[in-house]
Amino acid sequence: MIIIGLTGRNAGGKTTAGQTLVTKGFYYVSLSDVIRNEAKKRGLSDVRENLIALGNELRERHGTGALAELTVAEMDPDKNYVVDSVRHPAEVAALKKAGSFSLFHIFAPLEARFERSLARARDGDAKTLQDFIAQEQREFASSNAAAQQLLQTESLATRTIENSGTLEEFKARLDVVLRETQIAFSRPSWDEYFMNIAKQVAARGNCMKRQVAAVIVAEKRIISTGYNGTPRGVKNCNEGGCPRCNGFSESGKNLDECLCSHGEENAIVQASYHGIAIKDATLYTTYSPCLMCSKMIINAGIRRVVYNDAYPLNDTATRMLAEAKVDLVKLKLD
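Heads up: these notes are all about the structure in this document. Note that the structure is predicted; figures quoted are calculated from it, not measured. (Residues numbered from 1 in each chain as written. Predicted model: local features only at pLDDT ≥ 70, side-chain atom pairs only at ≥ 80, totals over all residues. Heavy atoms only, no water.)

Some points on the pattern of salt bridges
- On inspection of all chains with the given rule, the structure shows 14 salt bridges.
- One salt bridge in this structure joins Arg 113 and Glu 136, with 2.7 Å as the shortest N-O distance. Of this pair, Arg 113 sits in helix H6 (residues 110-120) while Glu 136 sits in helix H7 (residues 129-140); the two residues are 23 residues apart in sequence, bridging distant segments of the chain.
- Classification of Arg 113 as buried rests on a relative accessible area of 4%.
- Across the pair Asp 280 and Lys 279 runs a salt bridge whose closest N-O atoms are separated by 3.3 Å.
- Take Lys 279: its relative accessible area is 63%, and that puts it in the exposed class.
- Connected through shared salt-bridge partners, Glu 38, Arg 42, Glu 57 and Arg 61 make up one network. (Salt bridge = Lys/Arg side-chain N within 4 Å of Asp/Glu carboxyl O. Helix = DSSP H or I, 4+ residues; strand = E, 2+ residues; numbered from the N terminus. Buried < 20%, exposed > 50% of the residue type's maximum accessible area, 1.4 Å probe, protein only.)

Structure, rendered in structure tokens:
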């Protein structure tokens, strides 16, 4: 997810920048919307003075990054966002955690901002340049750490974009900065990618003891999957199909009475069932393989096993895999 934050002073052109980025495929949100929603609940008018006071109160009560955290919680990770009205360093920190984040400072000279404020004609806005300056100075004067800290926030900006000319010039500058912005995605490694898939496959497991799954991969392509549970055509374990598991037998005891097949076993057998070769493949499993599954892995020609958690009864299996020159790699994911 790409997130572009917008900061800057009153009537500088942040909303215009946001609307322009919407035409580039971004979804527009504003931290001020959180404040406006709260003002509406309280029956307050959304004049600037009320919104600033309420924003300060929300940060003081819920944490200085609260407005950004609440906004991020509503974001869809499959979309890119432009976030207007970033006014506190803690909001910058919260947005950085959410995706590939850049902060744009939208700058315009004082007189230009005042003229735009007059043209906008919002309730509560200053009607003279002197009042406009005084209002701005009051907003910067607070010593409350939870109050908006616009000057500090502007200093954290990745880029400053001047908005002192025509709308077309401003859009052109914004377009150049957007193209030059470094986007750094946090992508999982191939091992993390396939292990996460194995963890999803495990959710299909029907064993009452634990849900385990394996994914077999060749040349970065999944060729077989398997999860633990009773064999095809036999009542599912969680429906009473395996007396041992449903009796919650002591771990490691009466294993010869268990009707459930292991995830690794099912992945290997599934490949055989469909006539798919798995020689030299990698097997990803949510638990390290037991002795029986390790023997199957070796004889199937699998060269590498990556596991998430260690099976408690596999010392012999581990030694045997090493002797057979099968790489065994632990990859612990949350």
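Considerations on the sheet that holds strand E5 (residues 159-162)
- Here we have 5 strands laid out as an open sheet, ordered E2-E3-E1-E4-E5, and parallel in their pairing. Each of the sheet's edge strands pairs with one partner strand only, and the pair in question is strand E2 (27-30) and E5. Neighbour to neighbour, the strand axes of the sheet diverge by 25 degrees on average, direction disregarded.
- By the bridge criterion, 3 bridges tie strand E1 (residues 2-8) to strand E3 (residues 81-84) in an arrangement that is parallel. Paired with Gly 5 across the strands is Val 83, a residue of E3. (Pairing = 2+ DSSP bridges. Axes fitted to C-alpha atoms, helices over the stretch in contact; angles between N-to-C directions.)

What to know about the nonpolar core
- Counting 22 residues, the largest nonpolar core has Ile 3, Met 75, Val 83, Val 86 and Leu 95 as its most contacted members.
- Elements with a contribution of two residues or more to this core: helix H2 (31-42), helix H3 (48-62), helix H4 (66-73), E3, helix H5 (89-98) and strand E4 (100-107).
- By residue number, the principal contributor to this core is H2, which donates 4 residues.
- Residues in contact with Leu 95, not counting those within four places in the same chain, are Ile 3, Ala 68, Val 72, Val 83, Val 86 and Phe 101.
- Within the second largest apolar cluster, 15 residues are counted, among which are Ala 267, Ile 268, Ala 281 and Val 326. (Core = buried A, V, L, I, M, F, W, Y, C linked by side-chain atoms within 4.5 Å. Contact = heavy atoms within 4.5 Å.)

With respect to helix H13 (residues 291-300)
- Of all the residues in H13, the buried ones are Cys 293, Ser 294, Ile 297 and Ile 298. Angular distribution of buried residues about the axis of H13 spans 140 degrees; they occupy a single face of the element.
- Those residues of H13 hidden inside the fold are in contact with helix H12 (263-273), strand E8 (282-287), strand E9 (304-309) and helix H14 (315-323).
- Positive backbone phi, at 85 degrees, marks Gly 301, one or two positions downstream of H13. (Arc of directions from axis to C-beta.)

What about helix H10 (residues 190-202)?
- Taking 1.5 Å per residue as the helical rise, H10 with its 13 residues ought to reach 18 Å, and the 18 Å between its terminal C-alpha atoms agrees with that figure.
- Inspection of H10 places Asp 191, Phe 194, Met 195, Ala 198, Val 201 and Ala 202 among the buried residues, and these make up the whole buried set. Mapping the buried residues of H10 onto a view down its axis gives an arc of 110 degrees, with all of them on the same face.
- Buried residues along H10 sit against strand E6 (213-218), strand E7 (221-227), E8 and E9. (Expected span 1.5 Å × (residues − 1).)

Quick word on the packing of aromatic side chains
- By the definition in use, this model includes 6 aromatic pairs.
- Here Tyr 27 and Tyr 81 contribute two aromatic rings whose centre-to-centre distance is 6.0 Å and whose plane-to-plane angle is 45 degrees, an arrangement assigned as tilted. Separated by 54 residues along the polypeptide, Tyr 27 in strand E2 and Tyr 81 in strand E3 bring together distant segments of the chain.
- In this structure Tyr 27 comes out as partly exposed when scored by relative accessible area, which is 42%.
- Judged by its relative accessible area of 6%, Tyr 81 is buried.
- Among the aromatic residues, those joined into a cluster by ring pairs are Trp 190, Tyr 193, Phe 194 and Tyr 284.
- For Lys 79, the ring lying beneath its charged end belongs to Tyr 27, and the centroid distance is 4.5 Å.
- Over the face of the ring belonging to Tyr 287 we find Arg 210, whose NZ or CZ atom lies 4.6 Å from the ring centre. (Phe/Tyr/Trp six-rings, centres within 6.5 Å; stacked < 30°, edge-to-face > 60°. Lys NZ or Arg CZ within 6 Å of the ring centre and 35° of its normal.)

Digging into the packing of H6 against H7
- Two numbers describe how H6 lies on H7: the axes approach to 10 Å, and their chain directions differ by 105 degrees. In terms of orientation, H6 and H7 fall into the roughly perpendicular class. For the pair H6 and H7, contact is made by Leu 110, Arg 113, Phe 114 and Ser 117 and by Leu 129, Phe 132, Ile 133 and Glu 136, respectively.
- The residue inventory of the contact of H6 with H7, partitioned by class, reads 5 nonpolar, 1 polar and 2 charged. (Parallel < 35°, antiparallel > 145°, perpendicular 65-115°, else oblique. Nonpolar A, V, L, I, M, F, W, Y, C, P; charged D, E, K, R; others polar.)

Here we look at the side chain of Asp 125
- As for its position among the elements, Asp 125 is in the loop between H6 and H7.
- A polar contact of 3.5 Å, which involves the side chain of Asp 125, links it to the side chain of Ser 117.
- When near neighbours in sequence (up to four residues on either side) are disregarded, Asp 125 contacts Arg 48, Ser 117 and Arg 120. (Polar contact = N/O pair within 3.5 Å; in protein donor to acceptor, adjacent residues only side chain to side chain.)

Honestly, it's all geometry; don't read function into it.
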